[in-house]
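Analysis of the macromolecular model
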Amino acid sequence: ALPIWPGTTLNLLKFPIVNPTPYRLLRRSVRLKEDAVKSEDDLSDEEKKYLSQLKKQGYLIGRVGRTFKFRKNNVDDDIVEFDVDSLSFSAEDDPQLVSSSRKTIEKLEFTPDELKHARWFYDTPGMIKENCVLNLLKEKEVKVVLPSHAIVPRTFILQPGMTLFLGALGRIDFLQGEKSAWFSVIASNLLPVHITSLEKADAIYQNHAGKTLLGVPMGGEERMKEFPPLVPEEIMLKGIGTHQAVADIRLSSAGWVAVTAHTEDHLHLRGYTPKGITLTICNPPLLPHIVNIKGERRKKSQAYTTKKPPPLVSNLRPIQNR
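Right, let's walk through the structure included here. The model shown is predicted, which means the values in this text are computed figures rather than measured ones.

Criteria and cut-off values
- Residues numbered from 1 in each chain as written.
- Predicted model: local features only at pLDDT ≥ 70, side-chain atom pairs only at ≥ 80, totals over all residues.
- Heavy atoms only, no water.
- Helix = DSSP H or I, 4+ residues; strand = E, 2+ residues; numbered from the N terminus.
- Buried < 20%, exposed > 50% of the residue type's maximum accessible area, 1.4 Å probe, protein only.
- Contact = heavy atoms within 4.5 Å.
- Areas by Shrake-Rupley, 256 points an atom, 1.4 Å probe, with all protein chains shown as cover.
- Salt bridge = Lys/Arg side-chain N within 4 Å of Asp/Glu carboxyl O.
- Arc of directions from axis to C-beta.
- Pairing = 2+ DSSP bridges.
- Core = buried A, V, L, I, M, F, W, Y, C linked by side-chain atoms within 4.5 Å.
- Axes fitted to C-alpha atoms, helices over the stretch in contact; angles between N-to-C directions.
- Expected span 1.5 Å × (residues − 1).

1. Structural notes on the overall build of the protein
When helices and strands are counted, the protein shows six helices and 15 strands. A buried classification covers 37% of the 322 residues belonging to the protein. Sequence-distant contacts, at least 24 apart, represent 74% of the contacts inside the protein between residues at least 6 apart. Of the accessible surface of the protein, which amounts to about 19600 Å², a share of 54% is contributed by carbon and sulfur atoms.

2. What about the pattern of salt bridges?
Pairing between side chains of opposite charge can happen when their charged atoms approach one another. If you walk through the whole model with that rule in mind, you get 10 salt bridges. Between Lys143 and Glu139 there is a salt bridge, with the nearest N and O atoms lying 3.7 Å from each other. Of this pair, Lys143 and Glu139 both sit in helix α4 (residues 139-145), four residues apart, which is roughly one turn of the helix. The class for Glu139 is exposed, based on a relative accessible area of 60%. Residue Glu226 pairs with Arg223 through a salt bridge whose shortest N-O separation is 3.1 Å.

3. Re helix α5 (residues 198-208)
Along α5, the positions that sit buried rather than exposed are Ala201, Ile204 and Tyr205. Along the axis of α5, the buried residues cluster in a sector spanning 95°; they form a single face. What points out from α5, more than 90 degrees from its buried face, is the exposed set Glu199, Lys200 and Gln206. Where α5 is buried, its residues meet β7 (162-166), β8 (170-176), β10 (193-197), α6 (220-225) and β11 (230-238). Just past α5, the residue Gly210 takes up positive phi, approximately 90°.

4. Things to note about the pairing of strand β12 (residues 247-251)
By the criterion of burial, β12 is predominantly enclosed, with four of the five residues buried. Summarising the sheet, β12 and strand β13 (residues 256-260) pair through four bridges and their orientation is antiparallel. The residue bridging Asp248 from the neighbouring strand is Ala258, located in β13. Here β12 hands over to β13 after four residues, with Ser252 in that stretch at a positive phi of 55°. Pairing of β12 with strand β15 (residues 279-282), which is carried by four bridges, proceeds in the antiparallel orientation. Within β15, the position partnered with Leu251 by the bridge is Leu279.

5. Examining the nonpolar core
Ranked by internal contacts, the top residues of the largest apolar core, which has 45 residues, are Phe183 and Leu269. The element best represented in this core is β7, accounting for four residues. Beyond its immediate stretch of four places on either side in the chain, Leu269 contacts Ile172, Asp173, Phe174, Leu175, Phe183, Glu233, Glu234, Ile235, Leu237, Ile249 and Val259. Ala245, Trp256, Ala258 and Ile290 belong to the second largest nonpolar core, which has five residues in total.

6. What to know about the side chain of Thr196
Relative to the assigned elements, Thr196 resides in strand β10. Look at Thr196 and you get buried, because its relative accessible area is 9%. Beyond its immediate stretch of four places on either side in the chain, Thr196 contacts Met162, Thr163, Phe165, Ala201 and Ile204.

7. Describing the sheet that holds β12
Strand order in the open sheet formed by five strands is β6-β9-β13-β12-β15, and the pairing between neighbours is antiparallel. Strands with a single pairing partner mark the edges of an open sheet, and in this sheet they are β6 (154-158) and β15. With direction set aside, neighbouring strand axes in the sheet form an average angle of 20°.

8. Comments concerning helix α1 (residues 22-35)
In a regular helix each residue adds 1.5 Å, so 14 residues correspond to 20 Å; α1 covers 20 Å between its end C-alpha atoms and thus fits that length. Among all positions in α1, only Arg24, Arg31 and Asp35 are buried. Taken down its axis, α1 places every buried residue within 40° of arc, on the same side. α1 presents Pro22, Leu26 and Lys33 as exposed residues on the side facing more than 90 degrees away from its buried surface. In this structure, the buried side of α1 is in contact with α3 (112-116).

9. Here we look at the sheet that holds strand β14 (residues 266-274)
Ordered by their spatial adjacency, five strands build an open sheet running β10-β7-β8-β14-β11, and the pairing between neighbours is antiparallel. Each having just a single partner strand, β10 and β11 make up the two edges of the open sheet. Geometrically, the sheet is characterised by an average inter-axis angle of 20° between neighbouring strands, direction not taken into account. As defined by bridge partners, β7 adjoins β8 across five bridges and the pair is classed as antiparallel. Across the sheet, the residue bridging to Met162 is Phe174, located in β8. Docked against the sheet, α5 engages β7, β8, β10 and β11, running at close to 130° with respect to β10.

Rendered as structure tokens:
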């Protein structure tokens, strides 16, 4: 199956799935009850540090604990030894060769019999889609387009007669509507968003595609000579309220734009993607309330200040006030 989120597995991975014996289930139940009353203060320094790193890289919604923890002991012939990352193997690896010969080692409680009768979960590489914009990009451009940290939504308020550029990879013209509408961009925060008037949009693209203002592609006029032209597609939407997006305009793997409009306001938009690249209208939107995640509107600007939601780890109590 193809996921709705961008990204893919680059190599074949395999994970052991061990039969949950009554003993293991009992220990897991005890551990879950203990974890239910824990706060961040109760975590080890190592896990606190790891949690802090994850908060910078993504949005945490839960904490997954480990019942059968690693422990340092002398080598024991009855235990199959793994290092921290060796529970997953590439297609070229042999699990039997992963065990270490060190005198002191971190071990996980998997016995040879458990692994002998285990089932294996295979995570296969994803499919390459012919109509994906990433196929048109060079390596340094892909590094800009694919996010490496948590995406912070960027929201803009546009009036009819305005245009939004997502780099030089996508363009949305706001042609008709009774009132202003909100356009929330969910894409790599390294990918520039530029707002201009519809009258200037063509000139902006001609003069700045391949350059700093629009960011991607890179390489100036020479790069744009080999890059496909933008092709338009008409989009008709009807608003359902100022706090809920009516649809997402997905600009291939470059990202998407959630459109929020006043109730019953009919919008006529025109979306552009490079020739041969699919533009998709997703209704209902993936994140219908994304428009609410924004700060104050900037003075004399169509943009709102960005606002990153705090991580809400559902099964970990917040740190107690001292």
